[in-house]
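This is what each chain is made of:
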Amino acid sequence: MMRAVLLISLAPAAAQSVCCLANIVQCMACQAGVTIDQFCTGYPNTVGCRHGKFKEFMGNAKQPSYFNKEHAYDKMKEFELHAKELRDLSKRPQSRDTADDFDPDDVKRSFELLDTFSKETKEKMQNKTISSQHFKSMNSLTTKDLLKRARDKISGDDNKKAFDKSVFNHTHRTRKNIAYEAMKGKPDKHEITWDEDGDYMRVLRDKREDIVDIFIGEANKPRVKFPQTIQEKLPKRLDVVVHMPKADESNWGGKQLRSRVVSITVLNETNGEEVQLNNLNDFILIRIPDPQPGDCKWWDNTLGVWSGVGCTRNADQNNEAECKCTHLTDFAIVGEDVVTPAPTPGQATVNQVVVEELTEDDSLSSTATAGIAVGGVMVVGATLTIANT
């Protein structure tokens with residue numbers, strides 16, 4: 001049997017480079033001292049190298065018999081793998097793409113499928129492993145590079161906005177489903193945190209009187225403070241959902257943001273319905289970590305822009321931007337290059353919310369990098385040979 005073997009021989013080191021250590025193609029190519037294309041030639045089945053697999057998977061998923069509640073867990077594991085693979089492939093040089101890799105219809109359908117998975121698995125989501133699979137898949141699909149590759153294949157601004165709106169809505173519903181199902185049967189004061197490779201989500205359950213006039217959240221993570229005056233608008237018991245993807249990844253509309261995106265959602269504990277908090281008389285305070293200069297804005301999913309209506313930025317607090325806003329949705333610090341059109345008469349100024357990512361372990365022979373990696377510092381100048389054995 002013929003198989004490709006990657007042989008690495010070290011040339012005299014002229015320079016040194018620090019490589020990431022994750023089992024994704026970018027890191028492994030760096031560790032081997034070769035380009036990504038060279039690495040994929042030797043290891044074509046590495047996640048992030050394979051072309052056409054997502055197209056094939058989505059073709060199977062379109063079959064009416066594909067989704068079965070009894071096998072939802074196994075199908076979700078398969079879906080998670082392919083979502084991560086597409087995410088990693090989107091970070092590859094564009095010259096390696098095939099025409100089918102980022103078909104907008106397939107990408108859009110994948111969000112619909114994720115939404116379906118999150119609704120149908122229901123009580124199984126109380127298993128942290130299963131809820132983490134949904135969380136990872138959601139973040140993989142909402143990465144900036146993946147969405148840009150799909151968006152670039154769409155003609156016309158209106159069609160691009162329709163794509164963004166669909167993706168946004170399915171992502172928001174998925175996040176609510178994850179939070180609601182994971183918190184079923186949990187007591188007051190209970191909280192669940194997903195913190196996966198820089199993507200963060202936290203759900204806190206409590207009585208309404210115990211979540212006002214205090215900042216909810218952790219240091220160096222997004223936090224929110226509800227004014228006392230909105231207490232009567234809240235259900236007696238509720239879940240507060242805070243989500244923040246890794247830096248520079250959740251980027252609705254393809255604009256360059258100046259902070260990570262922070263999403264805040266309030267759910268009724270009883271039925272998981274979202275509590276609409278819009279056009280309030282008093283401000284909700286949202287703190288966003290590690291911001292740059294810019295304005296507090298929110299994603300208007302109808303107009304497809306970052307809007308400043310109803311939000312202003314207070315003085316920063318301990319390297320946190322403090323936004324005061326009259327509603328809940330997705331927030332970010334946005335620079336002047338993002339234009340905010342005036343709302344048309346009679347148009348609601350607030351829509352609803354949300355967000356982004358992760359990686360896959362793939363087998364790699366330890367002999368391929370043995371003796372090359374030392375504490376993550378790699379010797380550059382390695383040569384590559386492909387041999388048949």
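Please read these numbers as outputs of a predicted model, since none were measured by experiment.

Novice: Describe the side chain of Asp 206, with residues and values.
Specialist: You can see Asp 206 is positioned in strand 4 (residues 199–207). Its relative accessible area of 5% is what places Asp 206 among the buried residues.

Novice: Any details on the sheet that holds strand 13 (residues 320–325)? Residues and values, ideally.
Specialist: Taken in spatial order, the five strands make up an open sheet running 5-6-9-13-12, and their pairing is antiparallel. Single-partner strands in this sheet number two, and they are strand 5 (215–217) and strand 12 (311–313). Strand after strand, the sheet turns through a mean of 25° between neighbouring axes, direction not considered. Bridge count between strand 5 and strand 6 (residues 223–225): three bridges; the pairing is antiparallel. For Ile 216, the partnering residue across the bridge sits in strand 6 and is Val 224.

Novice: Which residues make up the environment of Ile 333, and what are the values?
Specialist: Following the sequence through the fold, Ile 333 ends up in strand 14 (residues 330–334). Among the residues examined, Ile 333 registers a relative accessible area of 0% and is labelled buried. Taking the C-alpha atoms as reference points, Ile 333 and Lys 297, separated by 36 residues in sequence, lie 6.2 Å from one another.

Novice: Got a sec to walk through the nonpolar core? Specific residues and values, please.
Specialist: If you look at the biggest cluster of nonpolar residues, it comprises 37 residues, and the most contacted ones within it are Phe 79, Val 107, Leu 113, Leu 141, Phe 163 and Trp 194. No other element matches helix 8 (residues 157–182), which puts six residues into this core. Ignoring any residue separated from it by four or fewer positions in sequence, one finds Val 107 in contact with Phe 54, Leu 86, Phe 102, Leu 146, Ala 150 and Phe 163. Among the nonpolar cores identified, the runner-up in size contains 30 residues, and Ile 216, Phe 226, Val 240 and Met 244 belong to it.

Rules of the game
- Residues numbered from 1 in each chain as written.
- Predicted model: local features only at pLDDT ≥ 70, side-chain atom pairs only at ≥ 80, totals over all residues.
- Heavy atoms only, no water.
- Helix = DSSP H or I, 4+ residues; strand = E, 2+ residues; numbered from the N terminus.
- Buried < 20%, exposed > 50% of the residue type's maximum accessible area, 1.4 Å probe, protein only.
- Pairing = 2+ DSSP bridges.
- Axes fitted to C-alpha atoms, helices over the stretch in contact; angles between N-to-C directions.
- Core = buried A, V, L, I, M, F, W, Y, C linked by side-chain atoms within 4.5 Å.
- Contact = heavy atoms within 4.5 Å.

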